[in-house]
Amino acid sequence: MLYHHAHHTHSPLSLLSRSFKLIQPKTHVRSLSLPTFSPAQPLSDLLPLASTARSLRQAKQAHALALLNGFLPRSVSLCAALILRYAAFGAHTTCRFLFEATVGYCRTAFLWNHLIRACATAGVRDGFWTYNRMVRNGVVLDDHSFPMVLKLCSDFSEFRKGVEVHGSVIKVGFDYDVFVGNTLLSFYGSCGDLSAARKVFDEMPERDVVTWNSVIGVFSVNGLNAEALESYREMNSTSGFKPNSVSVISVLPVCVDLENEQMASQIHCYVVKVGLDLHVTIGNALVDVYGKCRNVKASKQVFDEIIDRNEVSWNSAITSLTYIGGDSEALDVFRSMIDTGVNPNSITISSVLPVLVELGFFNAAKEIHGFSVRMSIESEVFVSNSLIDMYAKSGCSTAASNVFHHMVEKNIVSWNAMIANFAQNKLEFAAIELVRQMQAHGETPNSVTFTNVLPACSRLGFLHPGKEIHARSIRMGSTFDLFVSNALTDMYTKCGRLSLARNVFNISLRDEVSYNTLIVGYSQTTDCSESLRLFSEMKLAGMAHDTVSFVGVISACEKLGAIKHGKEVHGSLVRNLFHTHLFVSNSLLDFYTKCGRIDLARKVFEQIPDKDVTSWNTMILGYGMLGELDIAISLFEAMRKDGVEPDSVSFIAVLSACSHGGLVEEGKKYFKEMQDQNIERTQTHYACMVDLLGRAGLMEEASELIRGLPFVPDANVWGALLGACRIHGNVELGTWAAENLFRLKPQQSGYYILLSNMYAEAGRWNEANFVRELMKSRGVTKSPGCSWVQIPNQVLAFGAGERIERLDSDIWNAESL
């Protein structure tokens, strides 16, 4: 009866105010070091003070006063207030203690509701213990109990529990309560059950503005843009309620996703008409929507009209410009923000760093890093992630690692950015190891992780780790992601397992990258005809060929020697205006020169407006292979006159030409020029010089050059010497070269045959027979020769009196290409 009188006859504030006068400051208050209050000051005033100052000590002082004056444990209202204050400081145990001491004096759901709310405030997940205990104890739940429990179900994605609570709502008749209905609507929306959310909305007998805003927000967040827009229109026209600022902010992102600038303009007009344009949040949303609809002028106008801009206003202007690729303009806005005196926050920094990366302003990005350190925001996860990405793309892998290792909190984006950092900067082993580390730290790889790490496996040729990642992606369902399937196809292709690459390709979504990966992959194998089939299939699938497609199929034609089909591809790329691309033109040069059509190659070469060193090198090598040595050397000189600096390949081409032409002095001159121009001499350059000297009969000079090499000679160098010995019959040097070749390439039949023939020509039959027997004992077999013959509709390969392979090329015609 005492509780009934205190709880219902007097408010808790008046009770505490009157009772506080009974406190003796000299005997109790000062001994507890409490602050001094006037006798008329309510004790409950101390609780908001504790919340404002965030002082747990002051909350404890209020608690002590309540105990000293006997208010606790009997005062349910005071206990509830203290529970909420302690919850604000995460003192969940104290909240529970207060609740247990006072719950016996509470006959309603009032105190229970406050404990549920306190658990949410303190971030404690009690497994619905409080709610379940309420139900078991027969406590009558009210219109505050259900919304709070449903909110917990939403926050922790407890869908089954939420459905159970919904059943209780219907059972006790609270499904007609608009507040409970709004919470149910939000619960189903957050759990992704949109049909249930729609049903709750349709069955609500009473709706308010919050109801309409909730349903618009649910549809918007879950990607049902058309439904969100229709709900907004229905609210505005037939509901009896007019959209408010929340309605507008919820529906504007829908206009972005639908790229519906017209609807955004209509909403803008409504905003101006009802006077909501003064709301900075709405102004920020309009800046964003116009920017992402690519109406930069309207976005700038709205931004200029915002009276009280905040950090979000500036951030919206920056992000909307970066969305459409206006990096320079975004940087100008950032500068204006600084000049205006507005301090950038973590969102600003994380938005502007990618802008500086795109513009290549890495020094400025490092200055931004310094600024973030001074502002103590460098450890915020969004800023750190942007810094990792910035340093990775600038090639500063160590700096990116430092940022990563100093992060207090890491999320999946942090790990993915770091894996990309290692993969991009040729630290493939570290990238693969980091995937293992992230799992050891409890982080689950996602599609972005797989897309970042698979190229590292490709470059290393790590088939086994690549298969492990493939298996993991299947278990997680990531293989349906186009980027993952393309990365897997590329990995298997570069690891030489085209059959597995084709399996991934056959069961996955496909785009131009998918086809290009296999077209290029097959063009580098003996099954080049598959590149042509895929090239034709790609067009039949409605996909446009690009430079990679053309380069891949031209390479396949070159390996097949299919000059007719190569010409058809050439005609197709001319029709599609790809012949102006330097990369494609260089592929055509390589194709025509290797097919022996140097005349057509010369025409392509002369039509290239800006020739690079690869263009010149291809022509020099082409003329050299055909024995047009004077033209090859003159092209080398013309390249230098054209202002193109020769590279390592250029000197290989000209030295090869000098070798075949017997131009010893010219060859020595070019070889010396390499040293003068600080171009590194490789094994291939030395092989050319050995061939040059050997062909000219300067055998001793060639052998001395080999003995003086700064590295161990490879098979190319010894092969050049052996070939020269065969020409000039120098058996002793030939034997020396062959012995080294047998050690380096024990299964290469040509070297055995060359040495055996050399012995036979010198009349040394025993040695010749010994080499033949050695060849047999090592299991070395001579590869049969074959000839390719092209007739109008097919390409055939013959060898030793039989047809080895038939290549059906009916699909190769000018129209299909």
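Just so we're clear, the structure is a prediction, and the values are computed from it rather than from any experiment. (Residues numbered from 1 in each chain as written. Predicted model: local features only at pLDDT ≥ 70, side-chain atom pairs only at ≥ 80, totals over all residues. Heavy atoms only, no water.)

Describing the overall build of the protein chain
Logical step 1: For the protein chain, the count of helices and strands is 47 helices and three strands.
Logical step 2: Within the protein chain, the fraction of its 817 residues that count as buried is 48%.
Logical step 3: When contacts within the protein chain are restricted to residue pairs at least 6 apart in sequence, long-range pairs at least 24 apart make up 58% of them.
Logical step 4: Carbon and sulfur atoms provide 54% of the accessible area of the protein chain, an area that totals close to 39900 Å². (Helix = DSSP H or I, 4+ residues; strand = E, 2+ residues; numbered from the N terminus. Buried < 20%, exposed > 50% of the residue type's maximum accessible area, 1.4 Å probe, protein only. Contact = heavy atoms within 4.5 Å. Areas by Shrake-Rupley, 256 points an atom, 1.4 Å probe, with all protein chains shown as cover.)

Things to note about the UniProt feature "repeat: PPR" (unreviewed entry) in the protein chain
Logical step 1: Under the local residue numbering, the UniProt record ascribes the feature "repeat: PPR" (unreviewed entry) to residues 177-211, 310-344, 411-445, 511-545, 612-646 and 647-681.
Logical step 2: The span residues 310-344 shows a helical share of 77% and a strand share of 0%, and its end C-alpha atoms are spaced 10 Å apart.
Logical step 3: Spanning residues 647-681, this segment combines 77% helix with 0% strand, and its end C-alpha atoms are found 11 Å apart. (UniProt positions renumbered as here; feature names shortened; annotations may be inferred.)

A closer look at the packing of helix α6 (residues 76-88) against helix α7 (residues 92-102)
Logical step 1: Running from amino to carboxyl end, α6 crosses α7 at an angle of 170°, the nearest separation of the two axes being 9 Å. Between α6 and α7, the angle falls in the class roughly antiparallel. In contact with Val76, Cys79, Leu82, Ile83, Tyr86 and Ala87 of α6, α7 contributes Thr94, Cys95, Leu98, Phe99 and Thr102.
Logical step 2: Within the contact of α6 with α7, the residues separate by chemical class into nine nonpolar, two polar and no charged. (Axes fitted to C-alpha atoms, helices over the stretch in contact; angles between N-to-C directions. Parallel < 35°, antiparallel > 145°, perpendicular 65-115°, else oblique. Nonpolar A, V, L, I, M, F, W, Y, C, P; charged D, E, K, R; others polar.)

Things to note about the nonpolar core
Soluble globular proteins tend to pack their nonpolar side chains together in the buried interior.
Logical step 1: Ranked by internal contacts, the top residues of the largest apolar core, which has 232 residues, are Leu111, Ile267 and Leu721.
Logical step 2: In this view, Leu721 contacts Val690, Met699, Ala702, Ile706, Leu733, Trp736 and Ala737; residues no more than four positions away in its chain are not counted. (Core = buried A, V, L, I, M, F, W, Y, C linked by side-chain atoms within 4.5 Å.)

So, unusual backbone geometry
Logical step 1: With an omega dihedral of 10°, the bond running from Leu72 to Pro73 counts as a cis peptide bond.
Logical step 2: Tracing the chain through its elements places Pro73 in the loop between α5 (56-68) and α6.
Logical step 3: At Ser157, a position not held by glycine, the phi torsion is positive, near 50°.
Logical step 4: With respect to the element layout, Ser157 can be found in the loop between α10 (145-155) and α11 (159-172).
Logical step 5: For Ser157, a relative accessible area of 57% puts it in the exposed group.
Logical step 6: At Glu259, a residue that is not glycine, the phi angle is positive and equals roughly 50°.
Logical step 7: Assignment of secondary structure puts Glu259 in the loop between α16 (245-258) and α17 (261-274).

Looking at the packing of aromatic side chains
The geometry of an aromatic ring pair is captured by two quantities: the separation of the ring centres and the angle between the planes.
Logical step 1: Under the counting rule described, the total for this entry stands at 20 aromatic pairs.
Logical step 2: Aromatic side chains Phe201 and Trp212 sit 5.0 Å apart centroid to centroid with 80° between the ring planes, which places their arrangement in the edge-to-face category. On the criterion of sequence distance, the pair formed by Phe201 in helix α13 (residues 194-203) and Trp212 in helix α14 (residues 209-221) is long-range, its members being eleven residues apart. In terms of burial, Phe201 and Trp212 fall into one category: buried.
Logical step 3: Arranged with centres 4.2 Å apart and planes meeting at 10°, the rings of Phe742 and Tyr752 form a pair that is stacked. Here Tyr752 lies in helix α46 (residues 749-761) and Phe742 lies in helix α45 (residues 731-744), a separation of ten residues in the sequence. Assigned by exposure class, Phe742 and Tyr752 land together as buried.
Logical step 4: Each residue in the set Phe159, Phe187 and Tyr188 is aromatic and connected to the rest through ring pairs, giving one cluster.
Logical step 5: The ring of Phe201 carries Arg207 above its face, with NZ or CZ at 4.0 Å from the centroid.
Logical step 6: When the ring centre of Tyr323 is taken as reference, the NZ or CZ atom of Lys292 above it lies at 5.7 Å. (Phe/Tyr/Trp six-rings, centres within 6.5 Å; stacked < 30°, edge-to-face > 60°. Lys NZ or Arg CZ within 6 Å of the ring centre and 35° of its normal.)

Considering the state of the cysteines
Logical step 1: What the rule picks out here adds up to zero disulfides.
Logical step 2: Of all cysteine sulfurs, the one in Cys457 lies closest to Cys495, which takes part in no disulfide; the gap is 7.4 Å. (Disulfide = S-S within 2.5 Å.)

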